Amino acid sequence: MKLPGEGEGAGSRKKIIIGAVVVAVAVGYYFLSRELGSLDLQSLLEDISTTLGAWTYLLVGFFAFAETGAFVGLVVPGETVMLLGGAVAGQGAIDIYLLIAIAWFSAWLGDTTSFFLGRRLGRGFVLEHGPRVGISHERFEKVEDYFDRHGGKTIFIGRFISLVRAFAPFIAGSSGMRYRAFVPYSILGTGLWATAHILVGYFFSRSIETAGRYAAKGAFLLGTLIAVVAATIFLYRRFRVPENRAAAVKWMDDHAASRWLVTLGRRYQPQLRFLWDRVTPGGTFGLEFTSLMAILAVASFVAVAYAVVVGADPGPTPGDETAREIVGHLHSGFLTGFSKAITWLGSGGFTWGLAAVCAALLAWRRRWAELWVLLAGMAITQIGIDAIKEAVDRPRPPDPLVAASGSAYPSGHAAHSVIYVWLAVTIVLRLRPGMARAAAVVTAGFVLTALVGLSRVYLDVHYLSDVSGGWALGAAAFSLCAAVGLVVSGLRQDPRQ
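The rules behind the values
Residues numbered from 1 in each chain as written. Predicted model: local features only at pLDDT ≥ 70, side-chain atom pairs only at ≥ 80, totals over all residues. Heavy atoms only, no water. Helix = DSSP H or I, 4+ residues; strand = E, 2+ residues; numbered from the N terminus. Buried < 20%, exposed > 50% of the residue type's maximum accessible area, 1.4 Å probe, protein only. Contact = heavy atoms within 4.5 Å. pLDDT = per-residue confidence, 0-100. Salt bridge = Lys/Arg side-chain N within 4 Å of Asp/Glu carboxyl O. Core = buried A, V, L, I, M, F, W, Y, C linked by side-chain atoms within 4.5 Å. Expected span 1.5 Å × (residues − 1). Axes fitted to C-alpha atoms, helices over the stretch in contact; angles between N-to-C directions. Parallel < 35°, antiparallel > 145°, perpendicular 65-115°, else oblique. Nonpolar A, V, L, I, M, F, W, Y, C, P; charged D, E, K, R; others polar. Phe/Tyr/Trp six-rings, centres within 6.5 Å; stacked < 30°, edge-to-face > 60°.

Let us look at the overall build of the chain. Scanning the chain for helices and strands turns up 20 helices and zero strands. When burial is assessed residue by residue, the chain has 37% of its 497 residues classed as buried. For the chain, restricting intrachain contacts to residue pairs at least 6 apart in sequence, the fraction spanning at least 24 positions comes to 76%.

Turning our eyes to something else, we now look at the environment of A376. If you trace the backbone, A376 turns up in helix α17 (residues 368–392). The exposure class assigned to A376 is partly exposed, which follows from its relative accessible area of 28%. Residues A376 and C481, 105 residues apart in the sequence, show an inter-C-alpha distance of 6.6 Å.

Glancing now at the side chain of T317. With respect to the helices, strands and loops of the structure, T317 is situated in the loop between α13 (287–312) and α14 (318–330). The residues touching T317, leaving out its near neighbours within four places in the chain, are V309, R394 and S465.

On to the confidence of the model for the chain, then. The predicted coordinates of low-pLDDT regions are not to be read in fine detail. The pLDDT averaged across the chain works out to 77; a share of 69% of its residues lies at or above 70. Confidence drops under pLDDT 50 across residues 1–8; counting only partners more than four residues distant or on other chains, this segment forms one contact. Across residues 32–42, confidence stays below pLDDT 50; counting only partners more than four residues off in sequence or on other chains, it has nine contacts.

This next bit is on the pattern of salt bridges. If the charged atoms of two oppositely charged side chains come close together, the side chains can form a pair. Applying the stated rule across the entire model yields five salt bridges. D254 is the salt-bridge partner of K250, the closest N and O atoms lying 3.1 Å from each other. D254 gets classed as partly exposed once you look at its relative accessible area, which sits at 47%. The shortest N-O distance in the salt bridge between E370 and R367 comes to 3.2 Å. Given a relative accessible area of 5%, E370 falls into the buried group. The class of R367 is partly exposed, set by a relative accessible area of 22%. A single salt-bridge network, built from bridges that share partners, covers D320, R394 and D466.

This part takes up the environment of T80. Assignment of secondary structure puts T80 in helix α4 (residues 78–90). In sequence terms T80 and V60 are 20 residues apart; their C-alpha atoms lie 9.8 Å from each other.

Turning our eyes to something else, we now look at the nonpolar core. The biggest cluster of nonpolar side chains holds 25 residues, and the ones touching the most others in it are L374, M378, I419, W422 and F478. Of all the secondary structure elements, the ones that give two or more residues to this core are α13, α16 (348–364), α17, α18 (412–431) and α20 (464–493). Residues contacting M378, with those up to four places away along its chain left out, are T351, W352, A355, H416, I419 and F478. V60, I96, L99 and A194 belong to the second largest nonpolar core, which has 17 residues in total.

Across its 21 residues, helix α19 (residues 438–458) extends 30 Å between first and last C-alpha, which sits within 8% of the 30 Å expected from 1.5 Å per residue. What α19 keeps buried is the set A438, G445, T449, V452, G453, S455, R456, V457 and Y458. Within two residues after α19, D460 carries a phi angle of roughly 60 degrees, on the positive side.

One way to put it is that helix α10 (residues 242–253) packs onto helix α11 (residues 256–267) with a least axis distance of 7 Å and a crossing angle of 120 degrees. Taken together, the axes of α10 and α11 lie oblique to each other. Mapping the contact onto sequence places V249, W251, M252 and D253 in α10 and S258, R259, L261, V262 and R266 in α11. Tallied by class, the residues present in the contact of α10 with α11 amount to five nonpolar, one polar and three charged.

What follows deals with the packing of α18 against α19. Across the interface, α18 lies against α19 with an axial gap of 8 Å and an inter-helix angle of 180 degrees. Between α18 and α19, the angle is such that the two are roughly antiparallel. Of α19, the residues touching α18 (which contributes H413, A414, S417, V418, Y420, V421, A424 and V428) are A438, V441, V442, G445, F446, L448, T449, V452, G453 and R456. For the contact of α18 with α19, the per-class residue count stands at twelve nonpolar, five polar and one charged.

The subject of this paragraph is the environment of L109. As for its placement among the helices and strands, L109 is situated in helix α5 (residues 96–129). Residue class for L109 comes out partly exposed when judged on its relative accessible area of 33%. For the pair formed by L109 and A66, sequence separation is 43 residues and the distance between their alpha carbons is 9.3 Å.

The subject of this paragraph is the packing of aromatic side chains. The final tally for this structure, using the stated rule, is eleven aromatic pairs. Relative to F63, the ring of F62 lies with its centre 5.3 Å away and its plane at 85 degrees, an arrangement referred to as edge-to-face. When its relative accessible area of 48% is taken as the criterion, F62 is described as partly exposed. Feature note: the residues F115, F116, Y179 and F182 constitute an aromatic cluster, connected by ring pairs.

Below, the structure is given as structure tokens:
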């Protein structure tokens, strides 16, 4: 039998211990940061390269495996070791390709070990010991349900978030997720994770401080993006249920701090209803039309603004100079060959050939609206490229890696490459709505468009502003044509609109 106040006293002592640990960690981190800040990291890297040599393979492989296989990632983030391994390869001490292969295989093996460890220990282990670390029975059941629906995406995205990465494979195994559903996302995630961090260390091996800064910024931006997307999806799914919206309004009406928002909403309900119809799916002028108009407005502004800026001063902008500085660190034989192959996918000849094939397929399926949007979008893009190039007449960057002629602004390759985004979105939203792997298809379209444009910057045939203007021109052309097509299709289906 507990005496009065016994539970409260134990809880207080626990909070004091946790607080003391947090303070100790913060103080230790502060002094460690000061010590690390005074080190000459470049000299230290050269010493490490000489000392480690081939042992780097073992070090990188061990940490890539132990990150998830032994939960070491909770203490030592694996990204640090991957960056170090890439930097050692950049010093010429080891082979970069063998290092990536070892890290990839080891990371996948760690995921697999953690997965089967979770399956072997099972739900009983988690349910027995989970409450000690805040995983209640109810919370774990929610996790199981989540992994049933989104396990693959969690494994892939979680690979880039240290805390999630350390636990996700174990929880996937203990929650009953099938290995054949787990392994494709694990292979893809571990490959991208290991390759990206090793290459950053490799390309910035002459300036390891720069590598650390860019890696930290990339991790922060990725984490922020994931958090924003997750919060948006959660709020959308919650408030599309009428009962949840009514409960939220009632809660706000019951509190003085938020009551004025409810009063304001009731007063301007017709206007708010109009806006709500514009940002929700359905109807001729619903969310799809609003999104297209927003893309058209932003893309047109970017294209025109850059044209005015570079027309008045054809030299590189501050952003162009920064991009060229970064590209200077990245130049290598492998990337040059890769960029030459990728940039060909944005050439006018290839993209027009692709458009002709897609138009024939759309005609065969009698998808006339999508066909005319495709052809009109390509035509407007081509007309815009020729007209703006002649009007701006910006010189290209000096000393390109491949031959190029004509004016620099805007990049025709970047503008043409927007067709990949249009095709991906059209397939997912118009041709195969509800298809499996829809997110992967759209992501592939955006990645291919981005790579084509960035290849032009890497090859020094365009400034980054040229590429940005090309992307904007292509986006404006396709969004305009898609908006017109949406309106025409809607009016033909319902003449009263």
